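# Breakdown of the fold
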Amino acid sequence: MRDLVGGIVFLAVGGLTLYLARGLPLGQVRLPGPGALPTIAGVAITLLSLLLAWRGMKSLRAVTRSDGPAPDWQGYSRIAAVAALIAVYTAVISWLGFFVSTALLMTVLFMLGVERPMRWGPPAAGLAATAAAYVLFVTLLDVRLPVGSLWGG
Amino acid sequence: MGGLLDGFLTVLQPNNILFCFIGSLVGTLIGVLPGLGPTATIAMLLPLTIGLDPVTAIIMIAGIYYGASYGGSTTAILVNIPGEAQSVVTCIDGYKMAQQGRAGAAIGICAFGSFIAGTLGAIAIGLVSQPLIEIAIRFGPPEYFALMLLGFVVLLVLAKGSVIRSLIMIFAGLVLSAVGQDVVTGEPRYTFGISNLADGISIVTISMGIFGLGEVFYNLERLSQQNVQHVPVRNLLPTREDWRASAGPIARGSVLGFLVGLLPGGGATLASFVSYALEKRIAADPSRFGRGAIEGVAGPEASNNAGAAGSFIPLLTLGLPGNPVTAILLGALILYGVTPGPLMIQSNPQVFWGVVASMYIGNVMLLLINLPFVGVWVQLLRVPYRYLYAPLILFMLIGAYSVNTSVFDVGVLLFFGAVGYGLRKLDFEPAPLILAFVLGGPLELNLRQTLMLSRGSWEFLLDRPIAAAVLLAALLVAALPLLGSAKGMLRTARAVNEL
């Protein structure tokens, strides 16, 4: 099953690679252009993923039973939630600044991990982790982190 | 050896010692967690080195690497969960020793074996690098192109999983390396009009995403399923008997590991398995292996440490990484304004010899940190992952932002985190992708320069003796799977990488 899904995914990647490379000059053998490597790689990914998908189809016909444990939807939703939180963090960090947005993100991430998310533990841990990171990176290592346009940064 | 002494003088400055100590400490702290190996640990902790001067940063990374490797071995012995493939062999006899109440001896011999192998490895790098650099200085684009081709062929022949999957990963890595302005014509490729992509994707961000965040996502799936039993750890110093049994395996493992570490795609993992196989083969009573034989821990642990040292040679002398760890290190060096390769020893002698000396100092730190603090690591193993993943994510977010002081890179990190998770779920090994990503730019540039020099003639490659010899070697390696006698060996090597 993984061969088939992997084959289909990379077939799309190969197709996209070739589609996006269509405007790039290929050049000649003497002087290959910027499109030569992407085109060769795109063709190779497409052909190889077709082979992989075909192998997956063959094994799918040979084996009828499921080849892995049942999907853990709770685990998947946890991953999706964390990814969505990071996406939101990316969107607001320039506006809210490092300290506020990170404290909020850390609080929610800690809430996702504990059994009693509504108690004081997650906000305290979120604030402590943010403060520790601030001291370590900004104060000690002199790393510049966004202050936030909301606060005039 | 004068350079090596200078390297030691650099590393032994109090500031550098302090950061090496911190690196070893946090490296062990993260590496000891089940499921997190050296590659993921380095990728996650790289942000800690941002803001330091190059020599100190590299010394700290060396500390993180050795700390993570040793942390993984501790987990393998106590919990029977290898952090990365290189600790798989340690599980076999190390865990049995722990079950027999000899966890202390197993952890102790790991530390001492690694220290001895690391010492020999650092000396060997000092001896081998200079002559190699003298040859490498004569390399031009054809020789570099041929070398990279050889690297890819070896990687494929020893590849984990199917060749088709590895090839897909290599070509996907090449496509990712093409993102940004074309180095010859300046034409933008796959930038989607986004100025942040004009200089390409940072190796630091991509490795943190694929190895670090991808690993965190994968572990989030099974957040509540960890249950670590308490294993008593006492008597860490090996007895006279233990030393007698381990001296030979450590010596053989050090030499074998160093040689295997030079191979692209081999490194520490293959080194540990080769050592285990050798020790079992020459043992008076091979049936002891798998039942708690200390030789089965001492040899492979020494070997994987020497293998790690060996894998630094192609990076430092040719600028070519052979495994994901050295690929990330290459990215880090470039980030600090240092370009590894034959000229590095002249342009940045402090960094070159600092890296070599830091491997040794990193091993000393391990002896000082890991043995006295082993009780702390054991307790840390019992901390549930649900309390640890948020700070790990925070490290990576700050790291991604700090590379270019850009929020866009945090988005790139998230994208590659999802890619890393997807690859893991679909059973694609990301190592060839990262290597192809790192080597893709130089491979393309050297090929195009070669074809420009030769006016499009491939025969030009054969007119250059070094390039021709390297290409012949690539051809021979590619033909290995067709030879009957080599088939069995390759099958074993691939089975090792499969783990």
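Residues numbered from 1 in each chain as written. Chains lettered and ligands numbered in written order. Predicted model: local features only at pLDDT ≥ 70, side-chain atom pairs only at ≥ 80, totals over all residues. Heavy atoms only, no water.

Next up on the list: the overall build of chain A. Scanning chain A from terminus to terminus reveals four helices and zero strands. Beginning at the N terminus, the succession of helices and strands in chain A can be written as α-α-α-α. In terms of C-alpha radius of gyration, chain A reaches 24 Å, well past the compact-globule figure of 15 Å for 153 residues. With respect to the three principal axes, the spread of C-alpha positions in chain A is 55 × 50 × 25 Å. Restricting to contacts in chain A with at least 6 residues of sequence separation, those with at least 24 account for 59%. Summed over its atoms, the accessible surface of chain A is roughly 8800 Å², and 70% of this surface lies on carbon and sulfur atoms. (Helix = DSSP H or I, 4+ residues; strand = E, 2+ residues; numbered from the N terminus. Rg over C-alpha atoms; globule rule 2.2 N^0.38 Å. Contact = heavy atoms within 4.5 Å. Areas by Shrake-Rupley, 256 points an atom, 1.4 Å probe, with all protein chains shown as cover.)

Turning our attention to the overall build of chain B. Of the regular secondary structure elements, chain B holds 23 helices and two strands. The C-alpha radius of gyration of chain B comes to 22 Å, within 12% of the 23 Å expected for a compact globule of 499 residues. Over its C-alpha atoms, taken along the principal directions, chain B stretches across nearly 70 × 50 × 45 Å. Sorting the 499 residues of chain B into buried and exposed places 64% on the buried side. Nonlocal contacts in chain B, meaning residues at least 24 apart in sequence, comprise 78% of its contacts between residues at least 6 apart. Accessible area for chain B stands at about 17800 Å²; split by element, carbon and sulfur atoms hold 64% of it. (Buried < 20%, exposed > 50% of the residue type's maximum accessible area, 1.4 Å probe, protein only.)

Further remarks concern the confidence of the model for chain B. Residues with a pLDDT of 70 or more make up 91% of chain B, whose mean pLDDT is 82. Predicted complex metrics record ipTM = 0.92 and pTM = 0.80. (pLDDT = per-residue confidence, 0-100.)

A word on the interface of chain B and chain A. Size of an interface, as often reported, equals the accessible area lost when the parts are brought together. In this complex, chain B contributes 60 residues to the contact, which on the side of chain A involves 59 residues. Between chain B and chain A, a total of about 5100 Å² is buried, with carbon and sulfur atoms accounting for 77% of that surface. Between Arg-165 of chain B and Asp-3 of chain A there is a salt bridge, with the nearest N and O atoms lying 2.5 Å from each other. Along the contact surface separating chain B from chain A lie nine residue pairs in polar contact (both at pLDDT 80 or more). Where the side of chain B that touches chain A is concerned, the elements lending two or more residues are α8 (163–177), β2 (188–189), α9 (203–220), α18 (389–404), α19 (407–425) and α20 (431–453) of chain B. Each residue belonging to the side of chain B that touches chain A can be placed in one class, and the counts come to 40 nonpolar, eight polar and 12 charged. (Buried area = accessible area lost by both parts, 1.4 Å probe. Salt bridge = Lys/Arg side-chain N within 4 Å of Asp/Glu carboxyl O. Polar contact = N/O pair within 3.5 Å; in protein donor to acceptor, adjacent residues only side chain to side chain. Nonpolar A, V, L, I, M, F, W, Y, C, P; charged D, E, K, R; others polar.)

As a further point, take the pattern of salt bridges. All names here are of chain B. Evaluated as defined, the whole model comprises 14 salt bridges over all chains. Where Glu-143 meets Arg-464, a salt bridge forms, and the shortest distance between an N and an O atom there is 2.9 Å. With Glu-143 in helix α7 (residues 141–157) and Arg-464 in the loop between α21 (459–463) and α22 (465–479), this residue pair connects regions lying 321 residues apart in the sequence. We note a salt bridge from Asp-182 to Arg-189, for which the minimum N-O separation is 3.8 Å. Note on accessibility: Asp-182 and Arg-189 belong to one class, buried. Each of Asp-182, Arg-189, Glu-444 and Arg-448 takes part in a single network of salt bridges with overlapping partners.

Residue and element names in this part refer to chain B. Topologically, Ser-275 is positioned in helix α11 (residues 267–282). Classification of Ser-275 by relative accessible area gives buried; the value is 1%. Residue contacts for Ser-275: discarding those within four places in its chain leaves Gly-253, Leu-256, Gly-299, Pro-300 and Ser-303.

This paragraph deals with the nonpolar core. Counting 193 residues, the largest nonpolar core has Phe-137 of chain A together with Ile-125, Ile-201, Ile-206, Val-216, Phe-217 and Ile-393 of chain B as the members making the most contacts within it. Core analysis: the second largest hydrophobic core is formed by seven residues, Val-89, Phe-273, Ala-283 and Ala-293 of chain B among them. (Core = buried A, V, L, I, M, F, W, Y, C linked by side-chain atoms within 4.5 Å.)

Right, let's talk about the environment of Tyr-276 of chain B for a bit. All names here are of chain B. By the element assignment, Tyr-276 lies in helix α11. Given a relative accessible area of 11%, Tyr-276 falls into the buried group. Spatially, the C-alpha atoms of Tyr-276 and Val-89 are 7.2 Å apart, while their sequence positions differ by 187 residues. If we skip the residues at most four places from it in the chain, Tyr-276 touches Val-89, Ile-92, Asp-93, Phe-289, Gly-290, Gly-296 and Pro-300.

The next thing to look at is helix α16 (residues 349–370) of chain B. Across its 22 residues, α16 of chain B extends 31 Å between first and last C-alpha, which sits within 8% of the 32 Å expected from 1.5 Å per residue. The largest bend along α16 of chain B measures about 25 degrees and falls at Val-355 of chain B. (Expected span 1.5 Å × (residues − 1). Bend = angle between axes of the 7 residues up to and from the residue.)

Before going further, it helps to examine a nonpolar patch on the surface. Residue and element names in this part refer to chain A. Taken together, the side chains of Trp-95, Phe-99, Val-100, Leu-104, Leu-127, Tyr-134, Val-147, Leu-150 and Trp-151 make up a nonpolar region of the molecular surface, amounting to roughly 880 Å² of accessible area. Those elements that place two or more of their residues in the nonpolar patch are α3 (73–113) and α4 (121–140). If one sorts the elements of the nonpolar patch by residue count, α3 sits on top with four residues. Within the secondary structure, Leu-127 sits in helix α4. (Patch = residues over 30% accessible without salt bridge, like charges linked within 9 Å, V, L, I, M, F, W, Y side chains within 5 Å.)

To continue, consider empty space enclosed by the protein. All names here are of chain B. If you walk through the whole model with that rule in mind, you get four cavities of 30 Å³ or more. Estimates place the volume of the largest cavity at around 60 Å³. As for the largest cavity, its lining consists of Ile-42, Ile-58, Ile-61, Ala-62, Tyr-65, Phe-312, Val-325, Leu-329, Val-355 and Ser-358. At the level of secondary structure, the elements contributing two or more residues to the lining of the largest cavity comprise α4 (54–79), α14 (324–335) and α16. (1 Å grid on protein atoms, 1.4 Å probe; cavity = no way out; pocket = protein on both sides within 12 Å on 5 of 7 lines; lining within 4 Å. Points joined across faces, edges and corners; volume = space filled by probe spheres on them.)

On to unusual backbone geometry. Backbone phi values are negative for most residues with the exception of glycine, while trans is the configuration of most peptide bonds. Residue and element names in this part refer to chain B. In this structure, Thr-405 is a non-glycine residue whose phi angle is positive, near 50 degrees. Relative to the helices and strands, Thr-405 is located in the loop between α18 and α19. Here the phi dihedral of Asp-427 falls at roughly 70 degrees; this positive angle occurs in a residue that is not glycine. Its place among the elements puts Asp-427 in the loop between α19 and α20.

Now for the environment of Val-147 of chain A. Along the chain, Val-147 of chain A turns up in the segment after α4. Along the backbone, Val-147 of chain A and Arg-55 of chain A are 92 residues apart, and their C-alpha atoms lie at a distance of 53 Å.

Over its 16 residues, helix α12 (residues 295–310) of chain B extends 22 Å from the first C-alpha to the last, a length consistent with the 22 Å expected when each residue adds 1.5 Å. Where burial is concerned, most of α12 of chain B is hidden: 16 out of the 16 residues are buried.

We now examine the packing of α3 of chain A against α18 of chain B. Following both chains from N to C, one finds α3 of chain A and α18 of chain B inclined at 160 degrees, their axes separated by 9 Å at the closest point. The orientation of α3 of chain A with respect to α18 of chain B, classified from their angle, is roughly antiparallel. Classified by chirality, the crossing of α18 of chain B by α3 of chain A is right-handed. Listed contacts from α18 of chain B to Val-82, Ile-86, Tyr-89, Phe-98, Thr-102, Leu-105, Met-106, Leu-109, Phe-110, Leu-112 and Gly-113 of chain A of α3 of chain A are Tyr-389, Ala-390, Pro-391, Ile-393, Leu-394, Leu-397 and Ile-398 of chain B. (Axes fitted to C-alpha atoms, helices over the stretch in contact; angles between N-to-C directions. Parallel < 35°, antiparallel > 145°, perpendicular 65-115°, else oblique. Left-handed = near helix turned anticlockwise from the far one by under 90°.)

This paragraph deals with the environment of Leu-4 of chain A. All names here are of chain A. Looking at where Leu-4 falls in the secondary structure, it is placed in helix α1 (residues 2–21). Sequence separation between Leu-4 and Leu-51 is 47 residues, and the spatial gap between their C-alpha atoms is 9.5 Å. Once residues within four sequence positions are removed from consideration, Leu-4 is found in contact with Leu-52, Ala-53, Gly-56, Met-57 and Leu-60.

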